[in-house]
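Here is how the chains run, residue by residue.
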Amino acid sequence: MTLSLERMARLLLGVLTGNGAGRARVPRLDLMALSERDLADLNLPADVRSRVLDLRHRG
């Protein structure tokens, strides 16, 4: 029983710590670079959208 648990743990650890060569990085969404129309398309809550627009107009 212990041997099988150790094998399972090793397999799980191998999967979790894999090199990730098959994974592509997902770029972060830059809200400041989006147009107002694109922001509207994201369907953000009104308070969040207004905060983003406020930050954009300040900076």
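A.B. asks: Quick question: what am I supposed to make of the pattern of salt bridges here?
C.D. replies: Note that side chains of opposite charge can pair when their charged atoms are close. Applying the stated rule across the entire model yields two salt bridges. Asp 47 is the partner of Arg 51 in a salt bridge, and the nearest nitrogen-oxygen pair spans 3.6 Å. Of this pair, Arg 51 and Asp 47 both sit in helix α3 (residues 46-58), separated by four residues, roughly a single helical turn. Relative accessible area serves as the criterion here: at 45%, Asp 47 is assigned to the partly exposed category. One salt bridge in this structure joins Arg 58 and Asp 54, with 2.7 Å as the shortest N-O distance. Highlighted residues: Arg 58 and Asp 54, both in helix α3, separated by four residues, approximately one helical turn. With a relative accessible area of 63%, Arg 58 lands in the exposed category. A relative accessible area of 36% means that Asp 54 is categorised as partly exposed.

A.B. asks: Before we go on, may I ask you to explain the confidence of the model for the protein chain in this structure?
C.D. replies: Segments scoring low in pLDDT should not have their predicted coordinates read at a detailed level. On average, the protein chain scores 79 in pLDDT, and the residues at 70 or more come to 83%. Between the elements of the protein chain, mean pLDDT differs from a low of 78, seen in helix α1 (residues 2-16), to a high of 86, seen in α3.

A.B. asks: Help me understand the environment of Glu 36, please; the structure alone is not making it clear to me.
C.D. replies: Counting through the fold element by element, Glu 36 comes out in helix α2 (residues 36-41). Under the relative-accessibility criterion, Glu 36 is labelled partly exposed at 49%. Every residue in contact with Glu 36, bar those within four places of it in the chain, is listed here: Leu 53, Arg 56 and His 57.

Basis of the calculations
Residues numbered from 1 in each chain as written. Predicted model: local features only at pLDDT ≥ 70, side-chain atom pairs only at ≥ 80, totals over all residues. Heavy atoms only, no water. Salt bridge = Lys/Arg side-chain N within 4 Å of Asp/Glu carboxyl O. Helix = DSSP H or I, 4+ residues; strand = E, 2+ residues; numbered from the N terminus. Buried < 20%, exposed > 50% of the residue type's maximum accessible area, 1.4 Å probe, protein only. pLDDT = per-residue confidence, 0-100. Contact = heavy atoms within 4.5 Å.

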